[in-house]
Amino acid sequence: MSETNNIKSFKNKEEAEELLRKSRNRIDEIDNELFDLISQRTSLAKDIALCKEYIGMPILDKSREDAIHKKIEKFSEENGLDVDIVDQIVDMLTILNKNEQKEIIRRNVDG
């Protein structure tokens, strides 16, 4: 987090409203970028699923998930983020990816 807990003082209500508007617009932009990245991440499930199926690996790769969680925990701590919440976000992304892999394998088997 780039900004500490400094209290910002405003000259007037309009200045506060303008900062609020700009901040919300930037959050909307970031959300769009996040959704795009989630889509890109999920689209890799096809390659991963087909490779795992060919190699004979199960969809659940515990050692990979553990490594991801360890990396995310370190990142969260270094950036002052709530480790538990970031961990939950990663869990959701992992579930999304595994569900996509399962569907791809199912379609591949069923034709």
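Note that the structure is a prediction, hence the values are computed from the model and not measured.

A. Looking closely at the packing of helix H3 (residues 62-78) against helix H4 (residues 83-110). Interhelical geometry of H3 versus H4 gives an angle of 145° and a closest axis separation of 9 Å. In terms of crossing hand, the pair formed by H3 and H4 is right-handed. Touching Glu65, Ile68, His69, Ile72, Glu73, Ser76 and Glu77 of H3 are Val83, Val86, Asp87, Val90, Asp91, Thr94 and Lys98, all from H4. By residue class, the composition of the contact of H3 with H4 is five nonpolar, three polar and six charged.

B. Inspection of the layout of surface pockets at higher detail. By volume, the largest pocket amounts to about 850 Å³. As for the largest pocket, its lining consists of 27 residues, of which Arg41, Ile68, Val90, Leu93 and Thr94 are closest to the centre. If one sorts the elements of the lining of the largest pocket by residue count, H4 sits on top with nine residues.

C. Geometry of helix H2 (residues 45-55). Burial in H2 covers these residues: Ala45, Ala49 and Lys52. Down the axis of H2, the buried side of the element spans an arc of 70°, and every buried residue falls inside it. For H2, exposure combined with an orientation more than 90 degrees from the buried face picks out Tyr54 and Ile55. On its buried side, H2 packs onto helix H1 (13-43) and H4. Two residues or fewer past H2, Gly56 is found with a positive phi of approximately 90°.

What counts, and at which threshold
- Here the residue index of a chain counts from 1 through its sequence in written order.
- Totals for whole chains, interfaces and linings use all residues, but because this is a predicted model, local features are given only for residues with pLDDT of at least 70 and pairs of side-chain atoms are given and counted only at 80 or more.
- No hydrogens and no water enter the side-chain calculation; it runs on all heavy atoms of the structure.
- Structural elements are reduced to axes, namely lines fitted to C-alpha atoms, with helices fitted over the stretch in contact, and the angle between N-to-C directions of any two is expressed from 0 to 180 degrees.
- Strands here mean DSSP runs of E at least two residues long; helices mean DSSP runs of H or I at least four residues long; both are numbered from the N terminus.
- By the definition used in this description, the sense in which the near helix is turned from the far one sets the handedness, with an anticlockwise turn below a right angle giving left-handed and a clockwise turn giving right-handed.
- Residue contacts follow a heavy-atom distance rule, with two residues in contact if any of their heavy atoms lie within 4.5 Å.
- In this classification, the charged set is Asp, Glu, Lys and Arg, the nonpolar set is Ala, Val, Leu, Ile, Met, Phe, Trp, Tyr, Cys and Pro, and all remaining amino acids, among them Gly, are polar.
- Cavities and pockets were defined on a 1 Å grid built from protein atoms only: a cavity is a group of points that admits a 1.4 Å probe but offers it no way out, a pocket is an open group of points flanked by protein on both sides within 12 Å along at least five of seven lines, and a lining residue is one with an atom within 4 Å of any such point.
- Grid points are joined across faces, edges and corners, and a volume is the space filled by probe spheres set on the points.
- Only protein chains enter the calculation, and the probe is 1.4 Å; a residue is then buried if its accessible area is under 20% of its type maximum, exposed if over 50%, and partly exposed in between.
- Along the arc lie the directions from the helix axis toward the C-beta atoms.

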